[in-house]
There are 2 protein chains.
Amino acid sequence: MGKFMKSTIGAFLCHRLKQMGVNHVIGVPGDYNLEFLEQINDTEGLEFIGTCNELNAAYAADGYARVGGLSAMLTTYGVGDLSALNGVAGAYAEHVPMVCITGAPPIHTMQHAIPVHHSAADGNFSNVLNCFREFTVAQTCLTYADAAQEIDRVLRACWREKRPVYIQLPSDIAYLTIDVPEQPLTRQLQQGDEKSVAACVAYLQGSLKKAKRPALLLDMDADRLHLTEVLCELAERANIPFASLSSAKNVIDENHPLFLGVYGGQHSLPDVREYIENADFLIALSPRFIEVNSGHYTQALPSDTLYLHAFDLLQENRSFTGITAYEVLSGLVASLPEKTHQALPDVIRSKAPKVNNNFLPHEFEALTQARLWQRMAAFFRPQDIIIGENGTSNIALNGVTLPPQATYIAQPVWGSIGYTLPALLGSLLHNAQRRHILFIGDGSFQLTVQELSTIIAQGFKPIIFLLNNKGYTIERYILGESARYNDVNNWQYSQLPKVLSPNVECFTTVVHTEGELEQALSIAEDNHKLSFIELMLDPMDAPEKLKGFGKKTADFDYGPYGPQTL
Amino acid sequence: MGKFMKSTIGAFLCHRLKQMGVNHVIGVPGDYNLEFLEQINDTEGLEFIGTCNELNAAYAADGYARVGGLSAMLTTYGVGDLSALNGVAGAYAEHVPMVCITGAPPIHTMQHAIPVHHSAADGNFSNVLNCFREFTVAQTCLTYADAAQEIDRVLRACWREKRPVYIQLPSDIAYLTIDVPEQPLTRQLQQGDEKSVAACVAYLQGSLKKAKRPALLLDMDADRLHLTEVLCELAERANIPFASLSSAKNVIDENHPLFLGVYGGQHSLPDVREYIENADFLIALSPRFIEVNSGHYTQALPSDTLYLHAFDLLQENRSFTGITAYEVLSGLVASLPEKTHQALPDVIRSKAPKVNNNFLPHEFEALTQARLWQRMAAFFRPQDIIIGENGTSNIALNGVTLPPQATYIAQPVWGSIGYTLPALLGSLLHNAQRRHILFIGDGSFQLTVQELSTIIAQGFKPIIFLLNNKGYTIERYILGESARYNDVNNWQYSQLPKVLSPNVECFTTVVHTEGELEQALSIAEDNHKLSFIELMLDPMDAPEKLKGFGKKTADFDYGPYGPQTL
């Protein structure tokens, strides 16, 4: 069992978070968590960042974990954690590991069903935890007796499963002293069983040797399981083309000579589809097909596809368990010769669209979506963190080839509008050295607008593009093109930075024409202030891809007797 | 079973909402609910009101139901309804009936576990409903076969239990035609069993006759069950003094000659406590004692207290079921002589504090909490709807005697900060004729600020007081008086109306002194614009009651070894 030392429960939790590489706890104070906030303040290297509300805290923690590997959120019981639940569910859907800590009522009230504020005053203290049970992989309400073990159990599950976990810390036990293990908690995972890994590697080696059309297909877990480097190495050593689902945008460099393109059933370019669906050795890294990344379920992977997950490999009638994806992939890599210069496979023609670096602006022409994204493609730089809000931004950016080492953040599966502004905050908290660029529509922006205040007050300097198209353009293409319910109030967006953070100077501007866009970009490019650029766009101007998507979505959502047939 | 007619499922749901007295559906559009939005638009007398996000929609629906008796909210699946959950839980805790409708994915995806966006892409469609199960009294995922019956079952439960219910409307069934009952659904409830009601009335009559110190004690259910008039009549006919819990502020006129005051255990004025705890006939209307309305559980009601709930009366060893509270109370009233002029019971001395209508402002003196609330007491008028946000506003307003027929809206049990601004929107939607006055602190305001946009855009003209004390003052009194975690960014609040609704003129001002307050009030008083008045207050200036409350809360929350002892 190792050696033990003394610690308060709260200090131990802080200590463990730090050991797991978390340096910020993001959240909102409340009376049930103030005592833990004091303990965070007392922990060197751990800082509390207050957000304006709890949903925003969850989104920010999600953004933090996507670049930092793991994050922590702190809320207060009931009112706080339930407000954050949608953000936690988003992290659950998109495989983002986040430690959700809530300051809970004093433990005697919970154990003896004593009604308190922030509860339904009926003595029921299981309801909030039951909600979190649905969207986290481990939950606990800490007690004096089990705190040390429970904290470690839950943090390990978070890292292992790459999904949120939930800890209730009753407010009156945080300062109690317990025995805690001296041994640090690390990001180390259980290694695979040696024989199973070897058998799996040998099997893959054998299959790969026979293959004439090998391929890799990646979904977001390639990123979440930190496999992108080893996958890239595998592709290069064995000269294997790789494709990704649209839900795995840029997890491996789209400029890579072996990048085939995006696979999505009949939504793929013909060559990509043909190659993937006829591969004779296909490792598919945890693909999850939903309607929007599969051309409405038209995916057709070969029947002998090798489905690789964190801890197993499954094929039609075969399975390897007791492995880890990392060990199997690196074992396979090690069995291959060093990278050599090989001719690229013939199929590598349908590559990602080329970026036009000679974009010529038409100075007085009104800004359009088509031209905007062409221009932005040339604005991006390697290492940028580019964040695309659901709606026109994400759809358009999916068609833009991003530079090497650029990170793309979006929420393609859960798709909660408003997610990206707080996610930007979280990503900045983890790494403000990299340039951050956010694209967000007005409808989405209004959901979580207040977090702009925190971004500015923290001194961050992202470039924020606010696409003002006066409502929910993506929905107008599905139903209700001119319906009032798709309108949003037209704010003076560019005034907001000044109002929300009067003491920090920002660069703000409103762009109507291509000429104005050029001017804005030239200022924003190497700015030492936050840039907030409002782009005026027509409500029905949209990326080409959205237009087809709208009709398809209406058919799928409303069926043959839906309103669109009336 | 009555007669049937044909209707689409969506149109029938709209029809039922209207029959139950709902004229507005508050929410946020999403692709899974656009088809139902079309059906709302097609329903005369039913209007969709879009809010900036779903939590705000839930708070607004809560405010709407508090004045209108019942409300309806519309969200989209997963991202929408989970965002609203904290607001729904608040309505559950505070007994507010709200119909939560969510546009769900097409029914075939839910029935056959097909992964879609706004889900965790794992074929699990029970998780969202499971969350709502914890905070609603009835839930359903409608199907073609059961929709008519399920809609009626769930709406009846909402009205009967005075708590939220949850309806998932799969997006592809809204336009399907079904048989629906011709008979309207109304707010009618099951009547009590005739003999049980008569027996209960007779029992109460007998007890009351023998009583020398009768009393009534009211909690918020007196309002939610629409019993305030009959309770008032009972008090007057039988000359029975009544007290209320602080969680039932002003549900019966505090200026009433029979009003004893607020009962809260050792937090009560001595006379109130003495009278209630020694009453020999005490009808207690569903009191729910939590730490903050009971002087930390020091309530001590007589052992033979008659606990009256919606559908039963319980006393030590006796119970009456098969009754309704309304029938029992009106039966008791009917058995009593008409109201006569009787001498008030001796105890009526410790009444609610008198309002000083001759407040003399000290023109150049800085605004203080103590003086602010004295002044506001004289500003209120009968019929006002006064809304007090959690924190200093609610605590201070609890000590202010409100005018007759004024309605007070707060969230004393659930206590979710940010609740009141959207609740103001909801209350205004139901009844903009009455003057609305909101008091909200800066910390709370930041959580839900965007809904100010909707309030202005709807053309409403409330008076909003923004108490700027630069952070969470209530928390500073509990722990972390000068801790950074209790600070919030200082916005230019008074600029917000212009930024969020540039085309509507509002009256905005910043008040530092008592003189400036007078000026602001004289303009706001009969204004035909929305008034937004920022009150500058010292961070540690607080109502006297808050000061004691903070220390008590810290003791209760953190226990004997908490941070305050370090």
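The notes below deal with the structure included here.

Thresholds applied
Residues numbered from 1 in each chain as written. Chains lettered and ligands numbered in written order. Predicted model: local features only at pLDDT ≥ 70, side-chain atom pairs only at ≥ 80, totals over all residues. Heavy atoms only, no water. Axes fitted to C-alpha atoms, helices over the stretch in contact; angles between N-to-C directions. Helix = DSSP H or I, 4+ residues; strand = E, 2+ residues; numbered from the N terminus. Parallel < 35°, antiparallel > 145°, perpendicular 65-115°, else oblique. Left-handed = near helix turned anticlockwise from the far one by under 90°. Contact = heavy atoms within 4.5 Å. Least-squares fit on C-alpha atoms with pLDDT ≥ 70 in both. 1 Å grid on protein atoms, 1.4 Å probe; cavity = no way out; pocket = protein on both sides within 12 Å on 5 of 7 lines; lining within 4 Å. Points joined across faces, edges and corners; volume = space filled by probe spheres on them. Nonpolar A, V, L, I, M, F, W, Y, C, P; charged D, E, K, R; others polar. Buried area = accessible area lost by both parts, 1.4 Å probe. Salt bridge = Lys/Arg side-chain N within 4 Å of Asp/Glu carboxyl O. Polar contact = N/O pair within 3.5 Å; in protein donor to acceptor, adjacent residues only side chain to side chain. Pairing = 2+ DSSP bridges. Buried < 20%, exposed > 50% of the residue type's maximum accessible area, 1.4 Å probe, protein only. Phe/Tyr/Trp six-rings, centres within 6.5 Å; stacked < 30°, edge-to-face > 60°. Lys NZ or Arg CZ within 6 Å of the ring centre and 35° of its normal.

Brief notes about the packing of helix α3 (residues 54–68) of chain A against helix α15 (residues 420–430) of chain A
Residue and element names in this part refer to chain A.
Step number 1: Put simply, α3 and α15 touch, their axes get as near as 6 Å, and they point 45° apart. Here α3 is positioned oblique relative to α15, judged by the angle of their axes. α15 is crossed by α3, and the crossing has right-handed handedness. Between α3 and α15, the contacting residues are N56, Y59, A60, G63, Y64, V67 and G68 on the first element and P422, A423, L425, G426, S427, L429 and H430 on the second.

Section: the relation of the copies chain A and chain B
Step number 1: The transform that puts chain A on chain B rotates by 180° and translates by 0.0 Å along the axis, for an RMSD of 0.0 Å. Seen this way, the second copy is the image of the first under a two-fold rotation axis. Residues of chain A ranked by C-alpha distance from the rotation axis are headed by A:C131, positioned 2.3 Å from it.
Step number 2: Interface residue correspondence from chain A to chain B reaches 100%, placing this contact among same-surface, isologous pairings.

Details of empty space enclosed by the protein
Step number 1: In this structure the tally under the stated criterion is 3 cavities of 30 Å³ or more.
Step number 2: What lines the largest cavity is A:V449, A:Q450, A:W491, A:L496, A:L500, B:V449, B:Q450, B:W491, B:L496 and B:L500.
Step number 3: Mapped onto the lining of the largest cavity, the elements with two or more residues apiece are α19 (496–500) of chain A together with α19 (496–500) of chain B.
Step number 4: Split by residue class, the lining of the largest cavity holds 8 nonpolar, 2 polar and no charged.

A word on the interface of chain A and chain B
Step number 1: Counting residues at the interface gives 93 residues for chain A and 93 residues for chain B.
Step number 2: Both faces combined, the contact of chain A with chain B buries some 7,300 Å², and carbon together with sulfur accounts for 62% of it.
Step number 3: Here chain A and chain B share 2 salt bridges between them.
Step number 4: The closest approach of N and O atoms between A:E47 and B:R484, which form a salt bridge, is 3.8 Å.
Step number 5: Taken together, the connections running from chain A to chain B amount to 39 residue pairs in polar contact (both at pLDDT 80 or more).
Step number 6: Counting residues per element, the side of chain A that touches chain B draws most heavily on helix α4 (residues 79–93) of chain A, which supplies 8 residues.
Step number 7: The class makeup of the residues in the side of chain A that touches chain B is 48 nonpolar, 31 polar and 14 charged.

Structural notes on the sheet that holds strand β14 (residues 312–315) of chain A
Residue and element names in this part refer to chain A.
Step number 1: Read from one edge of the open sheet, 7 strands run β11-β10-β9-β12-β13-β14-β15, paired in mixed fashion. Edge positions in the sheet fall to β11 (259–262) and β15 (318–321), since each has one partner strand and no second. Recorded for the sheet is a direction-independent mean angle of 15° between the axes of neighbouring strands.
Step number 2: Here helix α8 (residues 194–210) sits on the sheet and contacts β9 (214–218), β12 (281–285), β13 (306–308), β14 and β15; the angle it forms with β15, its principal contact strand, is near 140°.

Topic: the pattern of salt bridges
Step number 1: According to the stated counting rule, one finds 44 salt bridges over all chains in the structure shown.
Step number 2: Between A:E277 and A:R273 there is a salt bridge whose closest N-O contact spans 3.3 Å. Here the residue A:E277 and the residue A:R273 both occupy positions in helix α11 (residues 270–277), the gap between them amounting to 4 residues, near one helical turn.
Step number 3: Two residues, B:R66 and B:E94, come together in a salt bridge whose shortest N-O distance is 3.2 Å. Highlighted residues: B:R66 in helix α3 (residues 54–68) and B:E94 in the loop between α4 (79–93) and β5 (98–104), separated in sequence by 28 residues.
Step number 4: Residues participating in the shared-partner salt-bridge network are A:D62, A:R66 and A:E94.

Looking at the side chain of A:Q446
Step number 1: Tracing the backbone shows A:Q446 in helix α16 (residues 442–448).
Step number 2: A:Q446 has contacts with A:V488, A:N489, A:W491, A:Y493, B:C52 and B:Q450, leaving out every residue within four places of it along the chain.

Some details on the sheet that holds strand β20 (residues 507–511) of chain B
Residues and elements named next belong to chain B.
Step number 1: On the basis of which strands lie adjacent, the open sheet formed by 6 strands has the order β17-β16-β18-β19-β21-β20 and parallel pairing. With partners counted over all chains shown, the strands left at the sheet margins are β17 (407–409) and β20, one partner each. Within the sheet, the average angular offset between the axes of one strand and its neighbour, ignoring direction, is 15°.
Step number 2: Where helix α15 (residues 420–430) meets the sheet, it contacts β16 (385–388), β17, β18 (436–441) and β19 (463–468), and its direction lies at approximately 170° from that of β18.
Step number 3: Each of β19, β20 and β21 (531–536) is contacted by helix α20 (residues 514–525), which is oriented at about 165° to β20, the strand it contacts most.

Observations regarding the side chain of B:N293
Residue and element names in this part refer to chain B.
Step number 1: Here N293 lies in the loop between β12 (281–285) and β13 (306–308).
Step number 2: On the basis of relative accessibility, which here comes to 4%, the residue N293 falls in the buried class.
Step number 3: A polar contact is formed between the side chain of N293 and the backbone oxygen of R288, at a distance of 2.9 Å.
Step number 4: Apart from the residues lying within four places of it in its own chain, the contact partners of N293 are L245, S246, S247, Y263, G264 and R288.

Concerning unusual backbone geometry
Trans is the prevailing form of peptide bonds, just as negative phi is the prevailing case for residues other than glycine.
Step number 1: Residue A:A113 is not a glycine yet carries a positive backbone phi of 55°.
Step number 2: Mapping A:A113 onto the fold places it in the loop between α5 (107–111) and α6 (127–133).
Step number 3: Taking the relative accessible area as the measure of exposure, A:A113 reaches 41% and is therefore partly exposed.
Step number 4: We note that B:S286 has phi near 45°; this positive angle belongs to a residue other than glycine.
Step number 5: As for its placement among the helices and strands, B:S286 is situated in the loop between β12 and β13.

What to know about the packing of aromatic side chains
Step number 1: Evaluation of the coordinates by the stated rule reveals 31 aromatic pairs over all chains.
Step number 2: Centroid distance A:Y297 to A:F556: 6.0 Å. Interplanar angle 45°. Geometry classified as tilted. In this pair, A:Y297 is assigned in the loop between β12 and β13 and A:F556 in helix α21 (residues 544–558), connecting sequence segments 259 residues apart.
Step number 3: Judged by its relative accessible area of 25%, A:Y297 is partly exposed.
Step number 4: Of the aromatic side chains, those joined through ring pairs into one cluster are B:W373, B:F379, B:F380, B:F439 and B:F465.
Step number 5: Here the basic side chain of A:R163 rests over the ring of A:Y92, its NZ or CZ set 4.1 Å away from the ring centre.

Some thoughts on the pairing of β12(A)
Every regular strand shows the same layout, with side chains that alternate between the two sheet faces.
Residues and elements named next belong to chain A.
Step number 1: Taken across its 5 residues, β12 has 5 buried, putting it largely inside the fold.
Step number 2: Bridging between β9 and β12 involves 5 bridges; their strand directions are parallel. Directly across from L217, in β12, lies its bridge partner A284.
Step number 3: Direction of pairing for β12 relative to β13: parallel, over a ladder of 3 bridges.

A word on the packing of helix α1 (residues 9–19) of chain A against helix α2 (residues 34–41) of chain A
Residue and element names in this part refer to chain A.
Step number 1: Here α1 crosses α2 at 50°, and the two axes come no closer than 9 Å. Judged on the interaxial angle alone, α2 and α1 are oblique. Pair α1 / α2 crosses with right-handed handedness. On α2, the residues that touch G10, A11, L13 and C14 of α1 are F36, Q39 and I40.
Step number 2: The residue inventory of the contact of α1 with α2, partitioned by class, reads 5 nonpolar, 2 polar and no charged.

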